[in-house]
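# Summary of structural features
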Amino acid sequence: MTNHKDNSPEAISNIDLLSLMEDIRAWGRELGFQQIGISDINLDQPRQHLQSWLEKNFHGDMDYMASHGEKRSRPEQLLPGTLRVLSARMDYLPDTDSMEEVLADANKAYISRYALGRDYHKLMRKRLATLAQKISAVAGQHNHRAFVDSAPVLERALAEKAGLGWIGKNTMLINPKAGSWFFLGEIYTDLPLPLDPPQETMHCGSCTACLDDCPTGAIVAPNQVDARRCISYLTIELRESIPEELRPLMGNRIYGCDDCQLVCPWNKFSEHTQETDFQPRNNLQAAELVELFQWTEEEFLRRTEGSAIRRIGYECWLRNIAVALGNASSSDTVVAALKEKSQHSSALVREHSQWALAQHN
Ligand code: B12
Ligand code: SF4
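The following refers to the structure shown. Treat the numbers as computed from the prediction; the structure is a model and nothing was measured. (Residues numbered from 1 in each chain as written. Chains lettered and ligands numbered in written order. Predicted model: local features only at pLDDT ≥ 70, side-chain atom pairs only at ≥ 80, totals over all residues. Heavy atoms only, no water.)

### Quick look at the site of ligand 1
The local shell around ligand 1 holds 36 residues, among which Glu155, Asn170, Leu173, Asn223 and Ser232 are the closest. Residue Asn223 places a main-chain N or O atom 2.9 Å away from an oxygen atom belonging to ligand 1. Note that a nitrogen atom of ligand 1 is positioned 2.9 Å from one of the backbone N or O atoms of Cys257. Sort the elements by how many residues they give to the shell around ligand 1 and helix H3 (residues 44-55) lands first, with four residues. In terms of residue class, the shell around ligand 1 is made up of 20 nonpolar, ten polar and six charged. Of the residues that make up the shell around ligand 1, three or more belong to each of domain 1 (9-94 + 118-189) and domain 2 (209-270 + 280-359). (Near = heavy atom within 4 Å. Polar contact = N/O pair within 3.5 Å; in protein donor to acceptor, adjacent residues only side chain to side chain. Helix = DSSP H or I, 4+ residues; strand = E, 2+ residues; numbered from the N terminus. Nonpolar A, V, L, I, M, F, W, Y, C, P; charged D, E, K, R; others polar. Domains from an automatic or database assignment.)

Now the structure itself:
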């Protein structure tokens, strides 16, 4: 392949773009991505779905979903000149004890498998930036930007277009060979890279396992999640009081929820992650609720350093654990821990702890 730094149209037409794509896929694998695909930037159909999702207020308090005009579904508005989007996926499922066993033990805390190790945002963005540098070394200074859940980007729709999988009834991007336990990231670029065939068929068939098993009924119709009912939203995004009617349905899930992936038959094809950074820290894969509830703020900050969990802050951490303790089996230890937090300086923590205590009367 010819190395050059000139990105004029004549120079670009001299690059062997097909061979560059082969290199990109090989570099992607070296950087720990399981798959890379290329799409164009036409998101007309997903834009309509996004619009109707917003009109129904399914985004709840996530104002950032509504506040960027059409930038989310028009990549050229986010980065002028964008022609192609390179979508990448990275497996995150660590090889831990049985998730079902943790979910079934009411005194243990269930934390989403994606959040047990290091925060994926930084790790993936850094790798994507390295990939973009490698592309520049061959193709010249292309106009580009890397994203990982960090900007108004319609990640699953772009990944579906790039052939990485289909958007399932649970709205997860599902890959026919790897299930859905992976993150997505993108590079927007003005290089006219050759397109990959989109995933056109949805292979969910007549299966409705995710709709039937969602603990809070958040998958209100195939492909439509009402975030306001989703435990992931309630425990991670919502900063206020969790609606009382949903609390008993949350079980012991204190940070995110994986149920709609756990029951998905396509996840029998998923592989465990090889990233050491995604391995669980501080025994968070099966910790006791009471133990986590007793962490001081200083311990919370220290033990969640570098983890996505830290973003919710200590108050919401205690709020979530209080709800789970309300759903736990009654014992003197549980009641004593809740009584103590019923006097907490935060009104949010007090209210949730009092609610939880009332469940043990
Ligand atoms: C907002 C958000 C959430 C919200 C809302 C979820 C949702 N379903 O929209 C909440 C907080 C609930 C959430 C939860 C989770 N999230 Co989230 N989330 C996002 C975020 C920031 C935007 C998603 C979005 O655009 N939603 C808007 C709706 C309209 O889009 P959509 O659900 O993808 O809907 C598409 C289709 O369903 C379809 N569609 C919609 N309506 C209809 C109707 C019909 C009739 C049809 C045919 C199609 C259709 O079109 C839509 C547009 O393409 C993305 C990152 C990003 N920037 O994209 C991560 C992201 C989607 N989340 C991710 C993850 C991992 C999760 C959780 C698993 C985390 C956890 N364990 O707790 C859960 C899964 C819950 C679920 N079933 O979605 C990953 C998903 C990876 C994958 N393999 O799919 C992403 C891509 C982040 C990343 N970079 O890896 N998330
Ligand atoms: S993450 Fe949990 S609560 Fe949210 S849609 Fe999936 S199963 Fe339902």
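### Brief notes about the packing of aromatic side chains
The tally for this structure, following the rule as stated, stands at 14 aromatic pairs. Geometrically, the ring pair formed by Trp266 and Phe269 is tilted, given 5.9 Å between the ring centres and 45° between the ring planes. Here Trp266 falls in the partly exposed class, since its relative accessible area comes to 22%. The ring of Phe182 has Arg89 lying over it, and the distance from NZ or CZ to the ring centre is 4.8 Å. In this arrangement the basic side chain of Lys341 is found over the ring face of Phe293, its NZ or CZ atom lying 5.1 Å from the centre. (Phe/Tyr/Trp six-rings, centres within 6.5 Å; stacked < 30°, edge-to-face > 60°. Buried < 20%, exposed > 50% of the residue type's maximum accessible area, 1.4 Å probe, protein only. Lys NZ or Arg CZ within 6 Å of the ring centre and 35° of its normal.)

### Examining the packing of helix H14 (residues 332-341) against helix H15 (residues 347-359)
Axis angle and axis distance: for two packed helices, these are the angle between their axes and the distance between the axes, and together they describe the pair. Taken N-terminus to C-terminus, the directions of H14 and H15 make an angle of 150°; their axes are 8 Å apart at the nearest point. One way to sum up the angle between H14 and H15 is to call them roughly antiparallel. As H14 runs across H15, the sense of the crossing is left-handed. Contacts from Val335, Leu338, Lys339 and Lys341 in H14 reach Val349, Arg350, Ser353, Ala356 and Leu357 in H15. (Axes fitted to C-alpha atoms, helices over the stretch in contact; angles between N-to-C directions. Parallel < 35°, antiparallel > 145°, perpendicular 65-115°, else oblique. Left-handed = near helix turned anticlockwise from the far one by under 90°. Contact = heavy atoms within 4.5 Å.)

### Let's talk about unusual backbone geometry
Located in the positive-phi region is Thr171, a residue other than glycine, with phi close to 70°. Topologically, Thr171 is positioned in the loop between strand E5 (166-167) and strand E6 (173-174). Despite not being glycine, Asn282 shows a phi value in the positive range, around 50°. Along the polypeptide, Asn282 turns up in the loop between helix H10 (259-262) and helix H11 (289-293).

### Examining the pattern of salt bridges
Counted according to the given criterion, the structure contains 15 salt bridges. Its salt-bridge partner being Arg47, residue Asp44 comes within 2.9 Å of it at the nearest N-O pair. Of this pair, Asp44 and Arg47 both sit in helix H3, three residues apart, which is roughly one turn of that helix. Between Arg118 and Asp277 there is a salt bridge, with the nearest N and O atoms lying 3.1 Å from each other. Within this pair, whereas Arg118 is found in the loop between strand E3 (110-111) and helix H6 (120-139), its partner Asp277 is found in the loop between H10 and H11, the two being separated by 159 residues in sequence. For Arg118, a relative accessible area of 25% gives the class partly exposed. You can call Asp277 partly exposed: its relative accessible area is 25%. (Salt bridge = Lys/Arg side-chain N within 4 Å of Asp/Glu carboxyl O.)

### Overview of H15
Compared with the 18 Å implied by 1.5 Å per residue over 13 residues, the 19 Å span of H15 between its first and last C-alpha is a close match. For H15, the full list of buried residues reads Leu348, Val349, His352, Ser353, Trp355, Ala356 and Leu357. In the core, the buried residues of H15 are packed alongside H11, helix H13 (313-326) and H14. Between the side-chain oxygen of the N-cap and the backbone nitrogen of Leu348 there are 3.2 Å, and the N-cap of H15 in question is Ser346. (Expected span 1.5 Å × (residues − 1).)

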